[in-house]
Structure formats: structure tokens, C-alpha cells
Amino acid sequence: MREARKKRKKWLWITLSVIGLFVLATGGYAFYLYKSATDTVASIHEDLNRDKSDKRPEDVVFKDKDPISILLMGVDEREGDRGRSDSLILMTVNPNTNSTQMVSIPRDTRTEIVGKGIDDKINHAYAFGGTEMAVATVENFLDVPVDYFVKINMESFKDTVDAVGGVEVNNTLNFSYGGYDFKEGTITLDGEKALAYTRMRYEDPRGDFGRQDRQRQVIEGVMKKGANISSITKFGDMFGVVRDNVKTNLTFDEMWEIQANYKSASSNLEQFQVKGTGDKINGIYYYIVPEEERLALSNQLKEHLEITTETASVAK
């Protein structure tokens, strides 16, 4: 049950604000949607106790099209249990180069847990200190700012799929899981089937990478169906799912600014995986990332965010 679904998708930040997408996708229900969207975003807002990242010398200015970063977190929260961030994806968006980069960080990655003073699996940061510790740990690991975060309770996944009336995906692997048979080719999934489809890992020759690809397919299917929804009832269902299962430090105005000024960046999406190897330390499995790989990835992200060595030093 700890397996989480990943949200890898061009414009994944709008997965949560399906809100903003919905507002742009329809005209007839404009006032209803605008009011519902603003109320929903207000209800899901969660502040970080800071004005901006310590790794950024100046505030982001949307109208100047400053490149931004957004941490996407899939958390497995249940009543009475904060859970862990089983999915971590850092997305950097550069409207000046019309490009978006998405870096998937394996949940077992061994790194320093900022504020805890220990080296542990990166997904434990959320369990120890919530959103703030998770954000600080990712910033420290990659040495880049995290400007915004979007956190989704992955237990809501099936509700999201059902809210848009199910999705179609192109399955490339014949397998059975969770009591369902998934044949190769185009298949239709309701919420329960989508949950099973995205959880299977061990029968896939690609392991976790194959699972991540299936997660991406379902998220893209949700977004495609969501953009074409014309029923007020369906919009109401989606707003309800978002209200109950999403948190972000983005305000509605910021979402709107991003939609207005960063659209072009979705035209060129690159996806990366942190490179490393699995190993056991004191009997516990970790994903070990060599320092040279970590530094290379950090420099790549800094370049995409247009952060130079000089500006990074000023921020520190």
C-alpha cells in the first residue's frame, strides 16, 4: 500500500490546479468556475515559513519570465499518520528557452535530512518534518531553490480518475495485478483499475521506471479528459477532489500568472532520472547517488534556472 503514483506530465503543476486548466477550457460556466476555482485554491493553500528560498538571491518576477522550480510530492497520508513522500519530482520551467525539465528523485535516495542531522532515505524527510523538511532536504540535495511545491495525497488517485469519467491508456505490457488483467494495447481504466495499473512494479522488467511510465500515462489521461469536461457536475467533482487531497503554496494569482507567462515552456519537455545504484547499509536498502552525478545534475538544473555561481553565492 506504500506504492505511490507519480505525477510526471508536461504542465504537471496544473494537475493540482486542474482548476486553472478548467477555467481556461470552458466559457459558458465562467463565473461559476472562477468562483469555485478561487475558493478551492484558497482552501488548499499551505505556506512555507519563509518569503523565498535561501538559494535564490531575489524574488521570482513572473512578468520578467524568471525561470521557476516546483517540487511535486505524492504523499501517502492516512488519518493519524503524516505518511511519506513516496513520489518526488522537481520541475524547472524556463519560458525564455521554451523548455521544462522534470527530475524524478527515487524515494530511497540516501542524503542528508535537513533539520534532522542524519543521512537517511529522502522520502523520510516528509515523515520527520512535513513539507518544510522535505523541501529543505531536496534543496540541499540538488543545491537549487525550490520556489513552489504541490503536494497530492495519492489515496485520492482513484477518485480523480473517476471524477473525469475514466481514462484511456496504451498499455505496453501484458500483466495481472490487484485482481485485474491488463492486456497490451489501448485499455480503459476506472479509478480502481488505474490504481492497480500504476502500482505494479515487480513484474515489470523495467521495475520502478516502468511503473513511473504507467503513472505518467494515467496522469496525462486525466489531464486530457479534464480539459474536455463540459459538465458542471464533473467540474464540481474535480474541485472536490482537489480540495480534499491537494496542498500548495501557490496562490490563485500566481497560478494565473504562470498560466499566462509560462505557457510556451510546455512545448519542450525533458525528463530525467537521478542516476545511482542500489545498495544496503546496515541491512537497509538505499539508492546511492555518486557525488559526481549529483553535481552534474545540480549544474544542469542551475543552468536551466539561469542561476550562475555568482548568484548562488549571493543567495547563500
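Quantities reported herein were computed from a predicted structural model and do not represent experimental measurements. (Residues numbered from 1 in each chain as written. Predicted model: local features only at pLDDT ≥ 70, side-chain atom pairs only at ≥ 80, totals over all residues. Heavy atoms only, no water.)

**Q** Would you explain the overall build of the chain in this entry?
**A** What the chain contains, in helices and strands, is eleven helices and 14 strands. Considering the chain as a whole, with its 316 residues, one finds that 54% of them fall into the buried category. A sequence separation of at least 24 residues applies to 69% of the contacts in the chain between residues at least 6 apart. Put simply, the chain shows about 14,300 Å² of open surface, and 47% of that area lies on carbon and sulfur atoms. (Helix = DSSP H or I, 4+ residues; strand = E, 2+ residues; numbered from the N terminus. Buried < 20%, exposed > 50% of the residue type's maximum accessible area, 1.4 Å probe, protein only. Contact = heavy atoms within 4.5 Å. Areas by Shrake-Rupley, 256 points an atom, 1.4 Å probe, with all protein chains shown as cover.)

**Q** Hey, could you run me through the side chain of Asn-261 in this one?
**A** Turning to its location among the elements, Asn-261 is positioned in helix α9 (residues 252-261). Assessed through its relative accessible area of 16%, Asn-261 is described here as buried.

**Q** Even after reading the chapter, I still don't get the pattern of salt bridges, so can you show me in this structure?
**A** It is possible for side chains of opposite charge to pair when their charged atoms get near one another. Within the structure shown, the criterion is met by ten salt bridges. Between Lys-121 and Asp-108 there is a salt bridge, and its shortest N-O distance comes to 3.5 Å. Linking Lys-121 in strand β5 (residues 118-121) with Asp-108 in the loop between β3 (99-105) and β4 (110-113), this pair joins segments that are 13 residues apart in sequence. For the residue pair Lys-121 and Asp-108, the accessibility class agrees, reading buried in each case. Its salt-bridge partner being Arg-110, residue Asp-119 comes within 3.9 Å of it at the nearest N-O pair. Counted as one network, the salt bridges with shared partners bring together Lys-55, Asp-143 and Lys-302. (Salt bridge = Lys/Arg side-chain N within 4 Å of Asp/Glu carboxyl O.)

**Q** Looking at this model, I keep getting lost on the packing of helix α4 (residues 124-142) against helix α10 (residues 291-304). Mind explaining?
**A** For any two helices packed against each other, the geometry comes down to the angle between their axes and how far apart the axes lie. Two elements in contact, α4 and α10, have axes whose closest approach is 8 Å; the angle formed by their N-to-C orientations is 100 degrees. As summarised for this structure, α4 and α10 are arranged roughly perpendicular, according to the angle between their axes. Contacts between α4 and α10 pair Asn-140, Phe-141 and Leu-142 from the former with Arg-294, Leu-297, Ser-298 and Leu-301 from the latter. Residue composition of the contact of α4 with α10, grouped by class: four nonpolar, two polar and one charged. (Axes fitted to C-alpha atoms, helices over the stretch in contact; angles between N-to-C directions. Parallel < 35°, antiparallel > 145°, perpendicular 65-115°, else oblique. Nonpolar A, V, L, I, M, F, W, Y, C, P; charged D, E, K, R; others polar.)

**Q** I'm lost on the confidence of the model for the chain in this one. Help?
**A** Close inspection of predicted coordinates is inappropriate for parts of the model with low pLDDT. When pLDDT is averaged across the chain, the result is 80; 78% of the residues are at 70 or more. Across residues 1-29 the pLDDT falls below 50, and counting only partners more than four positions away or on other chains, this stretch makes 111 contacts in the model. (pLDDT = per-residue confidence, 0-100.)

**Q** How should the pairing of β4 be read in this particular structure?
**A** On a regular strand, each side chain points to the face opposite its neighbour's, so the side chains alternate between the two faces of the sheet. Relative to β5, β4 runs antiparallel, the two sharing four bridges. In the strand pairing of β5, Glu-112 is matched with Asp-119. Between β4 and the antiparallel strand that follows it, β5, lie four residues; Gly-115 among them carries a positive phi value of about 95 degrees. (Pairing = 2+ DSSP bridges.)

**Q** Quick question: what am I supposed to make of unusual backbone geometry here?
**A** Phi angles above zero are rare outside glycine, and Lys-65 is one such case at about 55 degrees. Relative to the helices and strands, Lys-65 is located in the loop between α3 (30-44) and β1 (68-75). Lys-65 gets classed as partly exposed once you look at its relative accessible area, which sits at 32%. For Asn-98, which is not a glycine, the phi torsion comes out positive at approximately 50 degrees. Residue placement: Asn-98 occurs in the loop between β2 (85-94) and β3. Since its relative accessible area comes to 32%, Asn-98 is described here as partly exposed.

**Q** Sorry, what's going on with the environment of Val-167 here?
**A** Within the fold, Val-167 resides in strand β7 (residues 167-171). Taking the C-alpha atoms as reference, Val-167 lies 6.9 Å from Val-218; in sequence the two are 51 residues apart. Filtering out sequence-adjacent residues up to four positions away, Val-167 remains in contact with Val-161, Ile-187, Thr-188, Leu-189, Val-218, Gly-221, Val-222 and Lys-225.

**Q** Whenever I open this one, the packing of aromatic side chains confuses me. Can you help?
**A** In this description, an aromatic ring pair is defined by two values, namely the gap between the centres and the angle between the planes. Applying the stated rule across the entire model yields seven aromatic pairs. Ring geometry for Phe-175 against Tyr-197: centres 6.0 Å apart, planes inclined by 25 degrees, an arrangement best described as stacked. One end of the pair, Phe-175, is in strand β8 (residues 175-177); the other, Tyr-197, is in helix α6 (residues 191-199), with 22 residues separating them in the sequence. An identical accessibility class is assigned to Phe-175 and Tyr-197; each is buried. An aromatic cluster is built from Phe-175, Tyr-180, Phe-182 and Tyr-197, whose rings are joined through pairwise contacts. Geometry around Tyr-286 places Arg-110 over its ring, the cationic atom sitting 5.0 Å from the centre. Between Lys-121 and the ring centre of Tyr-286, over which it is positioned, the NZ or CZ distance is 6.0 Å. (Phe/Tyr/Trp six-rings, centres within 6.5 Å; stacked < 30°, edge-to-face > 60°. Lys NZ or Arg CZ within 6 Å of the ring centre and 35° of its normal.)

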